[in-house]
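Architecture at a glance
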Amino acid sequence: MHYLNLKTVRSMLAFLGLAFCAPLWSQTASPKPDPAAAFPAGSQAAGQQPKATPAWPPAGPTPRTADGKPDLSGAWAPNAIRQNVDLIATGVVVPFQPWAQKVYKEHTDTISRDDPEARCLPPGVPRMTTTPYPFRIMQTPGLTLIVYEGGAHIWRQIFTDGRSHSADPNPSWLGESIGHWEGDTFVIDTIGLNGKTWLDEAGLPTTESLHVTEKIKRTDLGHLEIENIVDDPKAYTKPWSFTTHPVMLKGELMEYICQENNRDVEHLVGK
């Protein structure tokens, strides 16, 4: 028997939008149940509807830190499965360099067989915030941390202490990130990426020249907005962008180890 790992289950549910539904009453001669029987005596008047479940994500103004900046802290659901699977299918126009378009076609022709994320490697930036796993932001005056539940269960540092980028950063999966505020927008500037990641499951490639700018806004209590600007002149003829809208997570992050009982790879046969 094959068991689906947590990555597969989250992806399937997020992509299909599955939800549990109450059963419909059978259209037979059986009598309908008495609504009053659903409520214990004294708890609610017979015939009244139960109280509605509070809407999610919660409504309210944008919370702020002591210095007046929007407080991005909290656990967030990416709400971006379509962007993670196929950015072009969402309407994003990608200005390919010829070689990059050829590689992209090879990836799509083989049904994303070689996707690094499927092998438990970090999705990289900006794909870290489109994978179907929540993340937690922890905001301090000199450093913002992001802990990701999935995508290799990794963490990220965004320095806000006034430092500049390293002259020659060591290439890595998440690169070197420096943050600053532009009004109420938190801007993350990331370089030093290793060029081994894809920008989506369909297979948009990257190189070590990739430079990513993320512009994060907390539009209200329960919502973020992230504009992702991709600038990789070796792979694309000009910068291009896409925007996602994470929502406050209803719950907490879980422990998830991608390498544990990973059953995805054996099924990635492609063509």
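Predicted model, so just to flag it, every value in this text is computed and none were measured. (Residues numbered from 1 in each chain as written. Predicted model: local features only at pLDDT ≥ 70, side-chain atom pairs only at ≥ 80, totals over all residues. Heavy atoms only, no water.)

1. Considerations on the nonpolar core
One finds Leu204, Tyr236 and Trp240 to be the most contacted residues of the largest nonpolar core, which totals 33 residues. For this core, the secondary-structure elements that each account for two or more residues are α3 (98-109), β2 (135-139), β3 (143-148), β6 (185-191), β7 (211-220), β8 (223-231) and β9 (240-244). (Core = buried A, V, L, I, M, F, W, Y, C linked by side-chain atoms within 4.5 Å. Buried < 20%, exposed > 50% of the residue type's maximum accessible area, 1.4 Å probe, protein only. Helix = DSSP H or I, 4+ residues; strand = E, 2+ residues; numbered from the N terminus.)

2. Here's the deal with the pairing of β2
Going residue by residue along β2, you find Phe135, Ile137 and Gln139 tucked away on one face and Arg136 and Met138 left uncovered on the opposite face. Pairing analysis gives three bridges linking strand β1 (residues 74-77) to β2, with the strands arranged antiparallel. Bridging across to β2, Ala75 finds its partner in Arg136. Where β2 lies against β3, five bridges are found, and the strand directions are antiparallel. Each residue of the ladder has a partner; that of Phe135, found in β3, is Tyr148. Joining the antiparallel neighbours β2 and β3 is a turn of three residues. (Pairing = 2+ DSSP bridges.)

3. Here we look at the environment of Thr206
With respect to the helices and strands, the residue Thr206 is situated in the loop between β6 and β7. Here Thr206 falls in the buried class, since its relative accessible area comes to 7%. In this structure, Thr206 is in contact with Gly195, Lys196, Thr197, Leu199 and Asp232, ignoring residues within four places of it in sequence. Of the polar contacts made by the side chain of Thr206, one reaches the backbone oxygen of Thr197; its length is 2.8 Å. (Contact = heavy atoms within 4.5 Å. Polar contact = N/O pair within 3.5 Å; in protein donor to acceptor, adjacent residues only side chain to side chain.)

4. Concerning the pattern of salt bridges
Inspection of every chain in the model, using the stated rule, returns eight salt bridges. Residues Arg64 and Asp184 are paired through a salt bridge, measuring 3.0 Å at the closest nitrogen-oxygen approach. In this pair, Arg64 sits in the loop between α1 (6-16) and β1 while Asp184 sits in the loop between β5 (176-182) and β6, placing the two residues 120 residues apart along the sequence. Of the residues examined, Arg64 reaches a relative accessible area of 44% and is grouped as partly exposed. Note that Arg127 is salt-bridged to Asp115, the shortest N-O span being 3.0 Å. Of this pair, Arg127 sits in the loop between α3 and β2 while Asp115 sits in the loop between α3 and β2; the two residues are 12 residues apart in sequence, bridging distant segments of the chain. We note that Arg127, like Asp115, is buried. In this structure, a network of salt bridges that share partners links the residues Asp115, Glu117 and Arg127. (Salt bridge = Lys/Arg side-chain N within 4 Å of Asp/Glu carboxyl O.)

5. Structural notes on empty space enclosed by the protein
Counted under the stated rule, the structure contains one cavity of 30 Å³ or more. Counted as a void, the largest cavity has a volume near 40 Å³. Around the largest cavity, the lining residues are Thr129, Phe135, Ile137, Ile146, Tyr148, Arg156, Ile188, Glu214, Ile216 and Ile226. Elements supplying a minimum of two residues to the lining of the largest cavity: β2, β3 and β7. (1 Å grid on protein atoms, 1.4 Å probe; cavity = no way out; pocket = protein on both sides within 12 Å on 5 of 7 lines; lining within 4 Å. Points joined across faces, edges and corners; volume = space filled by probe spheres on them.)

6. Some details on a nonpolar patch on the surface
Judged by side-chain polarity, Met138, Val147 and Trp155 come together as a nonpolar surface patch covering roughly 280 Å² of accessible area. Relative to the helices and strands, Val147 is located in strand β3. With a relative accessible area of 31%, Val147 lands in the partly exposed category. (Patch = residues over 30% accessible without salt bridge, like charges linked within 9 Å, V, L, I, M, F, W, Y side chains within 5 Å. Areas by Shrake-Rupley, 256 points an atom, 1.4 Å probe, with all protein chains shown as cover.)

7. Side note on the packing of aromatic side chains
Each aromatic ring pair is summarised here by two numbers: the centre-to-centre distance and the angle between the ring planes. For the coordinates displayed, the defined rule picks out seven aromatic pairs. The interplanar angle of 35 degrees and the centroid separation of 5.3 Å between the aromatic rings of Phe96 and Tyr104 together place this pair among those described as tilted. Ring centres of Phe135 and Tyr148 lie 6.0 Å apart, and the angle between their planes is 45 degrees; on these two criteria the pair is classed as tilted. Of this pair, Phe135 sits in strand β2 while Tyr148 is found in strand β3, placing the two residues 13 residues apart along the sequence. The burial state of Phe135 is the same as that of Tyr148; both residues are buried. Ring-pair connections join several aromatic residues into one group, and the members of that group are Phe96, Tyr104, Tyr236, Trp240 and Phe242. Stacked on the ring of Phe159, the Lys or Arg Arg163 has its end atom at 3.8 Å from the ring centre. (Phe/Tyr/Trp six-rings, centres within 6.5 Å; stacked < 30°, edge-to-face > 60°. Lys NZ or Arg CZ within 6 Å of the ring centre and 35° of its normal.)

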